[in-house]
Amino acid sequence: MTVHIILFGQLTDITGVDKITVENCLDSDSMVKSLQNTYPALIQSTFVIAVDKKIISSNTLLTDQCTVALLPPFSGG
Amino acid sequence: MIEKKIKNIFITGPVTADFIGKSIQNHSSKKDIGGHSIFLGQVRADKIDGQEVAAIEYTCYEEMANEKMHEIREAIFAKYDLTCMHVYHSLGKVATGEISLFVFTSSKHRKAAINACEELVENIKSSLPIWGKELFTNESYQWKENK
């Protein structure tokens, strides 16, 4: 199962990339945990998660080829 | 019901006075309009720890932002008696003093246009996945926070 992770804003300063592909990631919580293991600075970061462009508020099952976006606080305008 | 097409609100670089002027001019043929309300967001030269902002570089999650804007647009049209609504947001670098957000509402009578415009601006700032990177004159930067 392949999950596409995309990152924005200050989060890309931590990861150095704006796209990460992960395999075998069942749900959003475990995906975040595994990202935080790779990039410990993400533990202190504020962000919301959107799965296929919809913001989620609790742990969500991921599906093959879905896109998970990590969105730091918005600052448009 | 005809499904409305999702519009792209993003333009590269600043929103120019020429563009804004032409947008106003485009409405002269719509004779049922009695009032326009316009909000222009301008990049401010904030001073932070002795450093001055020279520009803001905007990035976004474009697909999600346009979809979310479509939802906001539909909700505002349902709530207010508007004739027209236009929203443009910059991407890329916008220097201080330049315009990065242009919100334009029109209605028969002023109150619908004014109230819809204000509500749109608040929604755009709180709900659209857009990020501003404040670039300082000494080439350092920080990520903007909306207040």
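For the structure itself, look to the data block above.
Because the structure is a prediction, the values reported are computed rather than measured.

> Can you tell me about the pairing of strand β7 (residues 130–136) of chain B, naming the residues and giving the values?
All names here are of chain B. Here β7 lies mainly inside the structure; seven of its seven residues are buried. Of the two faces of β7, the one holding Ile-130, Gly-132, Glu-134 and Phe-136 and the one holding Trp-131, Lys-133 and Leu-135 are both buried throughout. Pairing of strand β4 (residues 51–60) with β7 involves seven bridges; the strand directions are antiparallel. Across the sheet, Ile-56 pairs through a bridge with Glu-134, a residue of β7.

> How would you explain the packing of aromatic side chains if you had to name every residue and give the values?
Using the criterion set out here, one finds eight aromatic pairs over all chains in the structure. Note on Phe-74 of chain A and Trp-131 of chain B: the rings are 5.8 Å apart at their centroids and 75° apart in plane angle, and the pair reads as edge-to-face. Of this pair, Phe-74 of chain A sits in the segment after β5 (66–71) while Trp-131 of chain B sits in strand β7, placing the two residues on different chains. Summarising the aromatic geometry, the rings of Phe-19 of chain B and Tyr-88 of chain B are spaced 4.8 Å apart at their centres and angled 85° between planes, so their arrangement reads as edge-to-face. Highlighted residues: Phe-19 of chain B in helix α1 (residues 17–25) and Tyr-88 of chain B in strand β5 (residues 82–95), separated in sequence by 69 residues. Residue Phe-19 of chain B is classed as partly exposed on the basis of its relative accessible area, which comes to 29%. Grouping aromatic residues by their ring pairs yields a cluster made of Phe-8 and Phe-74 of chain A together with Tyr-61 and Trp-131 of chain B. Its end group placed over the ring of Tyr-141 of chain B, Lys-133 of chain B keeps NZ or CZ at 4.1 Å from the ring centre.

> Hey, could you go over the pattern of salt bridges for me, with residue numbers and the actual values?
On inspection of all chains with the given rule, the structure shows eight salt bridges over all chains. With a closest N to O distance of 3.2 Å, Glu-52 of chain B and Lys-47 of chain B form a salt bridge. Judged by its relative accessible area of 62%, Lys-47 of chain B is exposed. Note that Lys-79 of chain B is salt-bridged to Glu-119 of chain B, the shortest N-O span being 2.8 Å. Of this pair, Lys-79 of chain B sits in helix α2 (residues 62–79) while Glu-119 of chain B sits in helix α3 (residues 110–127); the two residues are 40 residues apart in sequence, bridging distant segments of the chain. Here Lys-79 of chain B falls in the exposed class, since its relative accessible area comes to 53%. With a relative accessible area of 23%, Glu-119 of chain B lands in the partly exposed category. Three or more residues are tied together by salt bridges with common partners; here these are Lys-53 of chain A together with Glu-63 and Glu-67 of chain B.

> Residues and numbers for the nonpolar core, please.
One finds Met-69, Ile-76, Val-103, Leu-120 and Ile-124 of chain B to be the most contacted residues of the largest nonpolar core, which totals 28 residues. Sort the elements by how many residues they give to this core and α3 of chain B lands first, with six residues. Non-local contacts of Met-69 of chain B, meaning those with residues more than four positions away in its chain, are made with Ile-9, Val-87, Leu-120, Ile-124 and Leu-128 of chain B. Residues Leu-11, Cys-25, Met-31 and Leu-62 of chain A belong to the second largest nonpolar core, which totals 18 residues.

So, how was this worked out
- Residues numbered from 1 in each chain as written.
- Chains lettered and ligands numbered in written order.
- Predicted model: local features only at pLDDT ≥ 70, side-chain atom pairs only at ≥ 80, totals over all residues.
- Heavy atoms only, no water.
- Buried < 20%, exposed > 50% of the residue type's maximum accessible area, 1.4 Å probe, protein only.
- Helix = DSSP H or I, 4+ residues; strand = E, 2+ residues; numbered from the N terminus.
- Pairing = 2+ DSSP bridges.
- Phe/Tyr/Trp six-rings, centres within 6.5 Å; stacked < 30°, edge-to-face > 60°.
- Lys NZ or Arg CZ within 6 Å of the ring centre and 35° of its normal.
- Salt bridge = Lys/Arg side-chain N within 4 Å of Asp/Glu carboxyl O.
- Core = buried A, V, L, I, M, F, W, Y, C linked by side-chain atoms within 4.5 Å.
- Contact = heavy atoms within 4.5 Å.

In short, shape yes, function no, at least from these values alone.
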